[in-house]
Amino acid sequence: MPFDEIGDGVYRRRYEALDQNIGIVLGSAGVLVIDTRSVPSHGEEIAGDLAGLTPLPVRWVINTHWHWDHVLGNSVFSEAEIWGHRRCLEVMQSDPEGIKAAARSWLPDLTTELEQTVVVPPSTIFDTNVAMDLGDRVVRLLYRGKGHTDADITVRVGDVVFAGDLLEEGAPPVFGDGYPLQWPDTITAHLANPPRLTVPGHGDIMDGDAVNGQIEELRDVARRCAAATSAGELDLVGAPYPDEVMLSAMDRSLLERGL
Ligand SMILES: [Zn+2]
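## Overview of the overall build of the protein
Link 1 in the chain: Counting secondary structure elements, the protein contains eight helices and 12 strands.
Link 2 in the chain: Each principal axis of the C-alpha distribution contributes one length, and for the protein these read about 55 × 40 × 35 Å.
Link 3 in the chain: Looking at the 259 residues of the protein, the share that counts as buried comes to 53%.
Link 4 in the chain: Sequence separation of at least 24 residues holds for 64% of the intrachain contacts in the protein that already meet a minimum separation of 6.
Link 5 in the chain: Entry remark: accessible area of the protein is about 11,000 Å², with carbon and sulfur atoms responsible for 50%.
Link 6 in the chain: Treating the 20 positive side-chain charges of the protein as one cloud and the 41 negative ones as another, the clouds have centres 5 Å apart.

The structure is reproduced here in structure tokens:
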């Protein structure tokens, strides 16, 4: 698939594996890459594709969160500054084998490569918000609390937002490491200034209606989880997502409530 130019010098490339979106921003001083995919060979594929787009070097990488499919290509870009939330660094430093094990369970064909993969955590971290200077433009990173994980950030470039897995198109959101009770308010805070386009971690680009629809679904999940009993009884009738997704959200909500 080609690069889609979705803003002035702002691109997304949609990769077939996991239907994943990678963001690219061209600055006068170099290239910014948002997320690096699941293994170093996937990162190499990004680097190779970029060679057809620009001669500029990759100076910056952003990890939207610590999930394996967003960070395990980092080693390819070790010359670049890698930016992420403080918690992204902490998780990648404290549990690199856990991150690789999660990848192996999804990608058994890539076990050999994953065994040799070096987990490279962010080198530049922040807590709530930070502006990156790409030479002739500024990119803003935000953290607004827990959602899909405890480390999700969004990346705003003009009127485009890269939302990582706080939003997901074409498949239900993933709650396995999530905070379903806090998630709706977190994503709402990120998008308080509504962008023209939002790029989810996976799937098609979303307009305002698509984003608002997903936030309503997340609020429905949160309401149902909040009403679930400590025994784990959850109302599944008319729920926005399949039962197994709802039950995963409920399990996480019980942890969130300390039950
Ligand atoms: Zn994720």
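Now that the structure has been shown, the text picks up again.
## Focus: the sheet that holds strand E12 (residues 197–199)
Link 1 in the chain: If you trace the five strands from one edge of the open sheet to the other, you get E8-E9-E10-E11-E12, paired in mixed fashion. The outermost strands of the open sheet, each flanked by one partner alone, are strand E8 (129–133) and E12. Within the sheet, the average angular offset between the axes of one strand and its neighbour, ignoring direction, is 20 degrees.
Link 2 in the chain: Where strand E9 (residues 138–142) meets strand E10 (residues 154–157), three bridges bridge the pair, whose relative direction is antiparallel. Bridged to Leu141 within E10 is Val155.

## Comments concerning the domain arrangement of the protein
Link 1 in the chain: Structurally, the protein comprises domain 1 (1–143) and domain 2 (166–259).
Link 2 in the chain: For domain 1 and domain 2, the distance between their C-alpha centroids amounts to 24 Å.
Link 3 in the chain: Carbon and sulfur atoms make up 52% of the surface buried where domain 1 meets domain 2, a total of about 1,000 Å² over both sides.
Link 4 in the chain: Counting across the interface, domain 1 meets domain 2 through nine residue pairs in polar contact (both at pLDDT 80 or more).
Link 5 in the chain: Those elements that place two or more of their residues in the side of domain 1 that touches domain 2 are strand E1 (3–7), strand E2 (10–15), strand E3 (20–27) and helix H2 (68–71).
Link 6 in the chain: Residue classes in the side of domain 1 that touches domain 2 are distributed as five nonpolar, five polar and four charged.

## Description of the pattern of salt bridges
Link 1 in the chain: All chains considered together, the criterion is met by 14 salt bridges.
Link 2 in the chain: As a salt-bridge pair, Asp204 and Arg14 come within 3.8 Å of each other at their nearest N and O atoms. Of this pair, Asp204 sits in the loop between E12 and helix H7 (208–227) while Arg14 sits in strand E2, and the two are 190 residues apart along the sequence.
Link 3 in the chain: The class of Asp204 is partly exposed, set by a relative accessible area of 35%.
Link 4 in the chain: The buried category is assigned to Arg14, whose relative accessible area is 19%.
Link 5 in the chain: Residue Arg37 is joined to Glu45 by a salt bridge in which the shortest nitrogen-to-oxygen separation is 2.9 Å.

## Observations concerning the pairing of E8
Link 1 in the chain: Here E8 runs beside E9; their pairing, made up of five bridges, is antiparallel. Residue pairing in the sheet places Val130 in a bridge with Leu141 of E9.
Link 2 in the chain: The hairpin turn running from E8 into E9, its antiparallel successor, is four residues long, and Gly135 in that turn takes a positive phi close to 110 degrees.

## Description of a negative patch on the surface
Link 1 in the chain: On the surface, a cluster of negative charge is made up of Glu5, Asp8, Asp133 and Asp136.
Link 2 in the chain: Mapped onto the secondary structure, Asp136 falls in the loop between E8 and E9.
Link 3 in the chain: Judged by its relative accessible area of 54%, Asp136 is exposed.

## Some thoughts on the environment of Glu44
Link 1 in the chain: Mapped onto the elements of the fold, Glu44 is located in helix H1 (residues 40–51).
Link 2 in the chain: It is 27 Å that separates the C-alpha atoms of Glu44 and Ala131, two residues lying 87 residues apart in sequence.

## Let's talk about helix H4 (residues 96–106)
For the α-helix, the turn length of 3.6 residues means that residues three or four positions removed from each other point alike.
Link 1 in the chain: Turning to H4, its buried residues number three or more, namely Ile99, Lys100 and Ala103. End-on view of H4: buried residues confined to an arc of 95 degrees, all on one side of the axis.
Link 2 in the chain: Buried positions along H4 lie against H2, helix H3 (86–94) and helix H5 (111–116).

Conventions and cut-offs
- Throughout this description, residue numbers start from 1 for each chain and increase along the sequence as written.
- Predicted model: local features are reported for residues with pLDDT of at least 70 only, side-chain atom pairs are reported and counted for 80 or more only, and whole-chain, interface and lining totals are derived from all residues.
- With hydrogens and water excluded, all non-hydrogen atoms of the structure serve as input to the side-chain values.
- Each helix is a run of DSSP H or I of at least 4 residues and each strand a run of E of at least 2, with the numbering of both proceeding from the N terminus.
- Relative accessibility decides the category of a residue: with a 1.4 Å probe and only protein chains considered, values under 20% of the type maximum give buried, values over 50% give exposed, and everything between is partly exposed.
- Note on definitions: a residue-residue contact is assigned when non-hydrogen atoms from the two residues lie within 4.5 Å.
- The Shrake-Rupley method, run with a 1.4 Å probe, gives the accessible areas here. Residue values count only the displayed protein chains as cover.
- Residues counted as positive are Lys and Arg, residues counted as negative are Asp and Glu, and His and the chain ends are not counted.
- Lys charges are placed at NZ, Arg charges at CZ, Asp charges at CG and Glu charges at CD.
- Pairing between strands requires that DSSP locate at least two bridges from one strand to the other.
- Note on geometry: axes are lines fitted to C-alpha atoms, helical ones only across the stretch in contact, with angles between N-to-C directions running from 0 to 180 degrees.
- For every domain, the bounds stem from an assignment made automatically or drawn from a database.
- Here the buried area means the combined drop in accessible surface, using a 1.4 Å probe, for two parts upon being joined, counting both sides.
- Side-chain atoms alone can form a polar contact between residues adjacent in sequence; in general such a contact is a pair of N or O atoms within 3.5 Å, and within protein one must be able to donate a hydrogen while the other accepts it.
- Three classes are used: nonpolar for Ala, Val, Leu, Ile, Met, Phe, Trp, Tyr, Cys and Pro, charged for Asp, Glu, Lys and Arg, and polar for all others, with Gly counted as polar.
- Salt bridges are identified by distance alone: a Lys or Arg side-chain nitrogen within 4 Å of an Asp or Glu carboxyl oxygen.
- Each patch is built from salt-bridge-free residues with over 30% relative accessible area, joining like charges within 9 Å and nonpolar side chains (Val, Leu, Ile, Met, Phe, Trp, Tyr) within 5 Å.
- This arc corresponds to the set of directions leading from the helix axis out to the C-beta atoms.

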